[in-house]
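This is what each chain is made of:
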Amino acid sequence: MSGITNGALGVALAAPRPQRAPLEDRPVAGRKRVLLASPRGYCAGVDRAVVAVEKALESFGAPVYVRKQIVHNVHVVSELEQRGAVFVDEVDQVPEGAHLVFSAHGVSPAVVQAAADRGLAAIDATCPLVTKVHREATRFAGQGRQILLIGHAGHEEVEGTMGHAPERTVLVNSPDDADRIEVDDPENLVWISQTTLSVDETMETVRRLRERFPALQDPPSDDICYATQNRQVAIKKVAPEADLVIVVGSANSSNSVRLVEVALESGARAAHRIDYADEIRQEWLDGAVTVGVTSGASVPEVLVQEVLAALAEAGYGEVEEVRTAEEDLMFSLPKELRSTPDGQADPRALGGRAARA
Ligand code: SF4
């Protein structure tokens, strides 16, 4: 297996954590192995957002404020905090005149306005694929349509998207919700979605919406992003052969939680989400011959490598990568960060991965 790194956080990712108890190599009826899903881990939007905070710290000095978690991963947030990032819930917690980064999940126009009113130097690290959904919402509302936003209530991305057309948007939380929602204008409906949903569940929600509202229109292109879709396709290939699937990702990471669900729906006998390797429980491995491993779009590869190291201790040293797609998408940095303090073009302006290649 090749060592894969994508360390937007560089050497800091190797910061020591408390020693974990080793796993035991217990016998099973078969040859132990790991199926490692690919693509997994960092997407282009997460990479860009993390590099944006790093670059802001470097360019403007600490502290740099970040509204909400820059990406939904406890390790990434903790590492950036150690470097001087200060994570806040709302704009009014930021001192006037300070630098404030908007997270990859995006914000509503009201938040942008609040930051401007406070005299903050805002840096918008919203993923361009979320911005695309914002633009759709604004356009559809301008056309007088009613928007059915498929997404999870309370998720930051959903709050930001709804904020672009608050009067015209109805949230649809689940397939069951499709049977309950009320609309004003059934002949003039269009649906859009959160970027990190289960593809299959979203299609089921649309099917049930269309049963009630046959005139419902589709968006011009997929809102569930390439990274979410690719990670789901990869784990679907792994899951039918897996006695256990381990998904590395944080509890508030929508696409990571979806990977656990998709693994179970696709035939994995068990699936668990963890932040760190030391959360793997010995009993999960009892009787498991094949272990699938993947990670959400906000997870640095170093955390997956630590999981593989822990599994190797337990006898799962044979690792086979199951690749279902190649990814080479990169996004340019937010415009506020595209040059160095002396006015030169920054080599990371094309995105973190490019600069580190
Ligand atoms: S998961 Fe998709 S929408 Fe979210 S940051 Fe990554 S590429 Fe962008």
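Computed from a predicted model, the values in this text were never measured in an experiment. (Residues numbered from 1 in each chain as written. Predicted model: local features only at pLDDT ≥ 70, side-chain atom pairs only at ≥ 80, totals over all residues. Heavy atoms only, no water.)

## Side note on unusual backbone geometry
Next up, step 1: For the bond running from Ser 38 to Pro 39, omega is 5°, close enough to zero to count as cis.
Next up, step 2: Assignment of secondary structure puts Pro 39 in the loop between strand E1 (33-38) and helix H1 (44-60).
Next up, step 3: Of note, the amide linkage connecting Ala 62 to Pro 63 takes the cis form, showing an omega dihedral of 0°.
Next up, step 4: Structurally, Pro 63 is set in the loop between H1 and strand E2 (64-67).
Next up, step 5: Positive phi, close to 65°, is recorded for Lys 68, a residue that is not glycine.
Next up, step 6: Relative to the assigned elements, Lys 68 resides in the loop between E2 and helix H2 (74-83). (Helix = DSSP H or I, 4+ residues; strand = E, 2+ residues; numbered from the N terminus.)

## Some details on the pattern of salt bridges
Next up, step 1: Summed over all chains, the structure comprises 29 salt bridges.
Next up, step 2: The shortest N-O distance in the salt bridge between Glu 301 and Arg 40 comes to 2.9 Å. In this pair, Glu 301 sits in helix H11 (residues 301-313) while Arg 40 sits in the loop between E1 and H1, placing the two residues 261 residues apart along the sequence. There is no split in this pair, since Glu 301 and Arg 40 are both buried.
Next up, step 3: A salt bridge links Glu 204 to Arg 208; its shortest N-O distance comes to 3.6 Å. (Salt bridge = Lys/Arg side-chain N within 4 Å of Asp/Glu carboxyl O. Buried < 20%, exposed > 50% of the residue type's maximum accessible area, 1.4 Å probe, protein only.)

## Notes on the sheet that holds strand E5 (residues 121-124)
Next up, step 1: One open sheet accounts for four strands, arranged E3-E2-E4-E5; its pairing is parallel. This sheet does not close on itself; its edge strands, each paired only once, are strand E3 (85-88) and E5. Going from strand to strand, the sheet's axes swing by 30° on average, the running direction of each strand aside.
Next up, step 2: In the sheet, strand E4 (residues 99-102) pairs with E5 via four bridges, with the strands oriented parallel. Bridge pairing links Phe 102 to Asp 124 in E5. (Pairing = 2+ DSSP bridges. Axes fitted to C-alpha atoms, helices over the stretch in contact; angles between N-to-C directions.)

## Section: the confidence of the model for the protein chain
Next up, step 1: In this model, the protein chain carries an average pLDDT of 92, and 90% of its residues clear a pLDDT of 70 or more.
Next up, step 2: Low pLDDT (under 50) marks residues 1-15, which in the prediction has 37 contacts with non-local residues, meaning those over four places away or in another chain.
Next up, step 3: Low confidence marks residues 349-357, where pLDDT is under 50. Its contacts with residues over four positions away, or in another chain, come to 25 contacts. (pLDDT = per-residue confidence, 0-100. Contact = heavy atoms within 4.5 Å.)

## Here we look at the site of the ligand
Next up, step 1: As a structural note, the neighbourhood of the ligand is formed by Cys 43, Gly 45, Val 46, Cys 127, Leu 129, Val 130, Thr 195, Thr 196, Cys 225, Tyr 226 and Ala 297.
Next up, step 2: Among the elements of the structure, H1 and helix H4 (128-142) are those that each provide at least two residues to the shell around the ligand.
Next up, step 3: Residues of the shell around the ligand, tallied by class, amount to eight nonpolar, three polar and no charged. (Near = heavy atom within 4 Å. Nonpolar A, V, L, I, M, F, W, Y, C, P; charged D, E, K, R; others polar.)

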